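Topology and contacts: notes
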Amino acid sequence: MSHNRRARRAPQEEEDASKLKFGEDFEGEEFLFISEVHLLLQKTPEHQKNTPVYQKTAKYVELFTKFHNEESVREIRKTLMRHKLHKYELVQLANLCCDEVEEAKSLIPRKKSDEEIRSMLDDIGQLKKFQT
């Protein structure tokens, strides 16, 4: 029988986005829209843009960004925050810009009524339509 004891760690709770459990690394952190990352990348100094990581990230972000100016990005965050969403849910909706309530429901772990979800989707649609 061995007397070597391993240090016991407290069991870590499993991460699960569908239950809004993200682990210690994400506690207190902000989630960004792809469009917010796009705006941040635009402000990167030219001498830092020549790396492969920057180039790949910029290409990906350009492909998937939905809101192209600071005003639209600010407005979509402000609008969705009024719906009292978890920051993960808020970012999922802003990034994917769903058209259908059922699709949006799959992105929102906390249950919301179909009417609330339709209202959020309408808000997103209006902001997308009128961005300059």
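Keep in mind the model is a prediction, meaning the values are calculated, not measured.

Turning to the overall build of the protein, a few remarks are in order. From N to C terminus, the protein includes six helices and zero strands. Helices (α) and strands (β) of the protein occur, in sequence order from the N terminus, as α-α-α-α-α-α. A total of 132 residues make up the protein; the buried ones form 36% of that total. Counting only contacts in the protein whose residues sit at least 6 apart along the sequence, the fraction spanning at least 24 positions is 61%. Element-wise, carbon and sulfur atoms account for 50% of the exposed surface of the protein, whose accessible area totals about 10000 Å².

A word on the pattern of salt bridges. Evaluation of the coordinates by the stated rule reveals 11 salt bridges. Notably, a salt bridge pairs Lys78 with Glu75, separated by 3.7 Å at the nearest N-O pair. Here Glu75 and Lys78 lie together in helix H3 (residues 70-81), a separation of three residues that amounts to about one turn. For Lys78, a relative accessible area of 47% gives the class partly exposed. Overall, Glu75 belongs to the partly exposed group, its relative accessible area being 27%. As a salt-bridge pair, Glu89 and Arg110 come within 3.0 Å of each other at their nearest N and O atoms. One end of the pair, Glu89, is in helix H4 (residues 87-96); the other, Arg110, is in the loop between helix H5 (101-105) and helix H6 (114-130), with 21 residues separating them in the sequence.

One pass over the structure, following the stated rule, counts two aromatic pairs. Judged by centre distance (6.3 Å) and plane angle (75°), the rings of Phe31 and Tyr88 are edge-to-face. Of this pair, Phe31 sits in the segment before helix H1 (34-42) while Tyr88 is found in helix H4, placing the two residues 57 residues apart along the sequence. Take Phe31 and Tyr88: they sit in the same class, and that class is buried. Note on Tyr60 and Phe64: the rings are 4.8 Å apart at their centroids and 50° apart in plane angle, and the pair reads as tilted. Of this pair, Tyr60 and Phe64 both sit in helix H2 (residues 52-64), separated by four residues, roughly a single helical turn.

When you line up the elements, Gln42 lands in helix H1. Using a relative accessible area of 47% as the deciding quantity, one classes Gln42 as partly exposed. Taking the C-alpha atoms as reference points, Gln42 and Ala58, separated by 16 residues in sequence, lie 8.8 Å from one another. Within the structure, the side chain of Gln42 is placed 3.0 Å from the side chain of His38, a separation counted as a polar contact.

In a regular helix each residue adds 1.5 Å, so 17 residues correspond to 24 Å; H6 covers 24 Å between its end C-alpha atoms and thus fits that length. On its buried face, H6 sits against H3, H4 and H5.

All right, on to the state of the cysteines then. Applying the stated criterion to the full structure yields zero disulfides. Looking at Cys97, it has no disulfide partner, and the nearest cysteine sulfur is the one in Cys98, 7.8 Å off. Exposure remark for Cys97: the relative accessible area of 9% places this residue in the buried category.

Core analysis: the largest hydrophobic core is formed by 26 residues, its most contacted members being Ile76, Leu80 and Leu93. Broken down by secondary-structure element, the contributors of at least two residues to this core are H3, H4, H5 and H6.

Criteria and cut-off values
- Residues numbered from 1 in each chain as written.
- Predicted model: local features only at pLDDT ≥ 70, side-chain atom pairs only at ≥ 80, totals over all residues.
- Heavy atoms only, no water.
- Helix = DSSP H or I, 4+ residues; strand = E, 2+ residues; numbered from the N terminus.
- Buried < 20%, exposed > 50% of the residue type's maximum accessible area, 1.4 Å probe, protein only.
- Contact = heavy atoms within 4.5 Å.
- Areas by Shrake-Rupley, 256 points an atom, 1.4 Å probe, with all protein chains shown as cover.
- Salt bridge = Lys/Arg side-chain N within 4 Å of Asp/Glu carboxyl O.
- Phe/Tyr/Trp six-rings, centres within 6.5 Å; stacked < 30°, edge-to-face > 60°.
- Polar contact = N/O pair within 3.5 Å; in protein donor to acceptor, adjacent residues only side chain to side chain.
- Expected span 1.5 Å × (residues − 1).
- Disulfide = S-S within 2.5 Å.
- Core = buried A, V, L, I, M, F, W, Y, C linked by side-chain atoms within 4.5 Å.

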